[in-house]
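Residue strings, one per chain:
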Amino acid sequence: MKRERMDDGLPLLGALKFPGMLYASTIRSSVPRARRAEIQRPELPPGYRCIAPADLLAENLCLALPDGVPLFADGSVAYKGEALGLIVGPDAAICDELARNASAVYEEEDPE
């Protein structure tokens, strides 16, 4: 049985649902090292969107750490599984499937 509450009775974050809520799934690199990485934007159903580094209005950094950490690989890939972008939409399972099936074009490099 799927657990929906913490031991203290509070709901798990994944169990929370709100009207109009959107979900996101990460598009990840399939290669360990590359340059010129670019998502091939897939055809998406209505209500879904692909978000890549060029779509960000602010700097491509998560500032949770002092020097920041890139949110998405922007032009070069440093490790297999690095985030390239997001698929966002109203159904988590469809977002997952679209992100899994998304593709990217790379100029692969030898891992160091």
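Everything below is about the structure printed above this text.
Notes on the structure in this doc start here. Note that the coordinates shown come from a computational prediction; the quantities given were computed from them, not determined experimentally.

Before going further, it helps to examine the overall build of the protein chain. Within the protein chain, the regular secondary structure consists of 1 helix and 8 strands. Secondary structure elements in the protein chain, listed N-terminal to C-terminal, are β-β-β-β-β-β-β-α-β. For the protein chain, the residues scored as buried account for 26% of the 112 residues in total. Taking all contacts inside the protein chain whose residues are at least 6 apart in sequence as the whole, residues at least 24 apart take part in 69%. Just so you have it, the protein chain exposes about 8,200 Å², and 54% of that area is on carbon and sulfur atoms. On the protein chain, the mean spot of the 12 positive side-chain charges and the mean spot of the 18 negative ones are 5 Å from each other.

This brings us to the side chain of serine 29. With respect to the helices, strands and loops of the structure, serine 29 is situated in the loop between strand S1 (23–28) and strand S2 (34–40). A residue is classified by how much of its surface remains accessible, and serine 29, at 5% relative accessible area, is buried. Of the polar contacts made by the side chain of serine 29, one reaches the backbone oxygen of valine 31; its length is 2.7 Å. Setting aside anything within four residues of it in sequence, one finds serine 29 in contact with Val77, Tyr79, Lys80, Gly81, Glu82, Leu84 and Tyr106.

Now for the sheet that holds strand S6 (residues 75–77). With antiparallel pairing, 3 strands are arranged side by side in an open sheet as S6-S2-S8. Taken across any chain shown, the strands that pair with only one partner, and hence form the sheet edges, are S6 and strand S8 (103–108). Going from strand to strand, the sheet's axes swing by 45° on average, the running direction of each strand aside.

Our next topic: the environment of serine 25. If you trace the backbone, serine 25 turns up in strand S1. Judged by its relative accessible area of 6%, serine 25 is buried. With 17 residues separating them in the primary sequence, serine 25 and proline 42 have C-alpha atoms 14 Å apart. With residues up to four places along the chain from it excluded, the contact list for serine 25 reads Gly85, Leu86, Ile87, Ala92, Cys95, Asp96 and Ala99. Within the structure, serine 25 has its side chain in polar contact with the side chain of aspartate 96 (distance 2.4 Å).

Evaluation of the coordinates by the stated rule reveals 4 salt bridges. With its nearest N and O atoms 3.7 Å apart, the salt bridge here joins glutamate 109 to arginine 35. Pair noted here: glutamate 109 is in the segment after S8 and arginine 35 is in strand S2, with a separation of 74 residues, a long-range link. Arginine 36 is paired through a salt bridge with glutamate 107; the nearest N and O atoms lie 3.6 Å apart. Within this pair, whereas arginine 36 is found in strand S2, its partner glutamate 107 is found in strand S8, the two being separated by 71 residues in sequence. Look at arginine 36 and you get exposed, because its relative accessible area is 55%.

Definitions and cut-offs
- Residues numbered from 1 in each chain as written.
- Predicted model: local features only at pLDDT ≥ 70, side-chain atom pairs only at ≥ 80, totals over all residues.
- Heavy atoms only, no water.
- Helix = DSSP H or I, 4+ residues; strand = E, 2+ residues; numbered from the N terminus.
- Buried < 20%, exposed > 50% of the residue type's maximum accessible area, 1.4 Å probe, protein only.
- Contact = heavy atoms within 4.5 Å.
- Areas by Shrake-Rupley, 256 points an atom, 1.4 Å probe, with all protein chains shown as cover.
- Lys, Arg positive; Asp, Glu negative; His and termini not counted.
- Charge placed at Lys NZ, Arg CZ, Asp CG, Glu CD.
- Polar contact = N/O pair within 3.5 Å; in protein donor to acceptor, adjacent residues only side chain to side chain.
- Pairing = 2+ DSSP bridges.
- Axes fitted to C-alpha atoms, helices over the stretch in contact; angles between N-to-C directions.
- Salt bridge = Lys/Arg side-chain N within 4 Å of Asp/Glu carboxyl O.

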